[in-house]
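# Structural characterization, general
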Amino acid sequence: MDANNLFDAIGYFKKLCLANKLAVTHEFHPCTCSGIHSLQEVLQEFRYHSAFFAVDDTNDGVTEKRSGGYFKKRTFTVFLLKAYRIDDMDDRQKSLDVCRQLFRQVHSRLIRDKENLDNELVYLNTENVFSRELGQYFINGCTGLYFMVDVSEPTNLCYNEQEWTE
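Residues numbered from 1 in each chain as written. Predicted model: local features only at pLDDT ≥ 70, side-chain atom pairs only at ≥ 80, totals over all residues. Heavy atoms only, no water.

### Some points on the overall build of the chain
Of the regular secondary structure elements, the chain holds 4 helices and 6 strands. Reading the chain from its N end, one meets helices and strands in the order α-α-β-α-β-β-β-α-β-β. Dimensions of the chain, computed from C-alpha atoms along their principal axes, come out at roughly 65 × 35 × 25 Å. Considering only contacts in the chain between residues 6 or more positions apart, those separated by 24 or more positions represent 64%. Total accessible area computed for the chain in this model is approximately 10,100 Å², and 48% of it derives from carbon and sulfur atoms. Taking the average location of the 19 positive side-chain charges in the chain and that of its 25 negative ones, the two points are 7 Å from each other. (Helix = DSSP H or I, 4+ residues; strand = E, 2+ residues; numbered from the N terminus. Contact = heavy atoms within 4.5 Å. Areas by Shrake-Rupley, 256 points an atom, 1.4 Å probe, with all protein chains shown as cover. Lys, Arg positive; Asp, Glu negative; His and termini not counted. Charge placed at Lys NZ, Arg CZ, Asp CG, Glu CD.)

So, in structure tokens, the structure goes:
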């Protein structure tokens, strides 16, 4: 893989959202955000949609050496958010349960897709997927969770003299 062929997390997770029956039934809207403090598309669309499958368009990364080669490990964050009736904790719990179930289904799909050696997800880390549920007052009338998944991609760090002036 090179810089032009990196894993397209936004495209991949949007495709998962549109292909998942639970996400379709509950009308999860695929979108992007820029972290937990910048859920701009979620907030812009909150009047029109009641559930969101938001992929963070920024990611953390680290370059690491493994088995004689270098890999760029990038961590992608996905938010599963669903609205509920304000001051109705039963409805909040139902919405959170939908998000939990969707996360379980997405995680199982990640495991299946990792096994398909014909795609760029060969280096997908499905053994250690962090998730965190959001507190009651995260966004008024909305609950859910986020999860983080790592993708390690080989990177070429061979020194190229032509890239330098001296």
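### Points about helix H4 (residues 89-114)
Owing to its 3.6 residues per turn, the α-helix brings residues three or four apart onto one side. Taking 1.5 Å per residue as the helical rise, H4 with its 26 residues ought to reach 38 Å, and the 37 Å between its terminal C-alpha atoms agrees with that figure. One side-chain oxygen at the N-terminal end of H4 lies 3.2 Å from the backbone nitrogen of Asp 90; it belongs to Asp 88. (Expected span 1.5 Å × (residues − 1). Polar contact = N/O pair within 3.5 Å; in protein donor to acceptor, adjacent residues only side chain to side chain.)

### Thoughts on the packing of aromatic side chains
Each aromatic ring pair is described using two quantities: the centre-to-centre distance and the angle formed by the ring planes. Applying the stated criterion across every chain yields a total of 9 aromatic pairs. Each ring, one from Tyr 12 and one from Phe 13, has its centre 5.2 Å from the other, and the planes form 75 degrees; the classification is edge-to-face. On the basis of relative accessible area, Phe 13 is assigned to the buried category, the value being 1%. When the centroid spacing of 5.4 Å and the interplanar angle of 40 degrees are considered together, the rings of Phe 79 and Tyr 146 count as tilted. In this pair, Phe 79 is assigned in strand S4 (residues 69-83) and Tyr 146 in strand S6 (residues 142-155), connecting sequence segments 67 residues apart. Given the relative accessible area of 2%, Phe 79 is considered buried. Through a chain of ring-to-ring contacts, the aromatic side chains of Phe 7, Tyr 12, Phe 13, Phe 76, Phe 103 and Phe 147 assemble into a single cluster. Taking the ring centre of Phe 71 as reference, the NZ or CZ of Arg 66 above it sits at 5.1 Å. (Phe/Tyr/Trp six-rings, centres within 6.5 Å; stacked < 30°, edge-to-face > 60°. Buried < 20%, exposed > 50% of the residue type's maximum accessible area, 1.4 Å probe, protein only. Lys NZ or Arg CZ within 6 Å of the ring centre and 35° of its normal.)

### Brief notes about the pairing of strand S1 (residues 28-33)
Counting buried positions over the 6 residues of S1 gives 6, a clear majority of the element. The two faces of S1 match: Phe 28, Pro 30 and Thr 32 on one face and His 29, Cys 31 and Cys 33 on the other face are all buried. Sheet analysis places S1 next to strand S2 (residues 51-56), joined by 6 bridges and oriented parallel. The residue bridging Thr 32 from the neighbouring strand is Val 55, located in S2. (Pairing = 2+ DSSP bridges.)

### Observations concerning the packing of helix H1 (residues 9-19) against H4
At their nearest, the axes of H1 and H4 sit 11 Å apart, and the two run at 120 degrees to each other. Our classification of the angle between H1 and H4 gives oblique. The handedness of the crossing between H1 and H4 is right-handed. Of the residues in H4, those touching H1 at Tyr 12, Phe 13 and Leu 16 are Val 106, Arg 109, Leu 110 and Asp 113. When its residues are assigned to classes, the contact of H1 with H4 shows 5 nonpolar, no polar and 2 charged. (Axes fitted to C-alpha atoms, helices over the stretch in contact; angles between N-to-C directions. Parallel < 35°, antiparallel > 145°, perpendicular 65-115°, else oblique. Left-handed = near helix turned anticlockwise from the far one by under 90°. Nonpolar A, V, L, I, M, F, W, Y, C, P; charged D, E, K, R; others polar.)

### A look at the confidence of the model for the chain
In the predicted model, the chain carries a mean pLDDT of 88, and the fraction of residues at 70 or more is 92%. Mean pLDDT per element in the chain: helix H3 (residues 40-45) is the minimum at 76, and helix H2 (residues 21-25) is the maximum at 98. (pLDDT = per-residue confidence, 0-100.)

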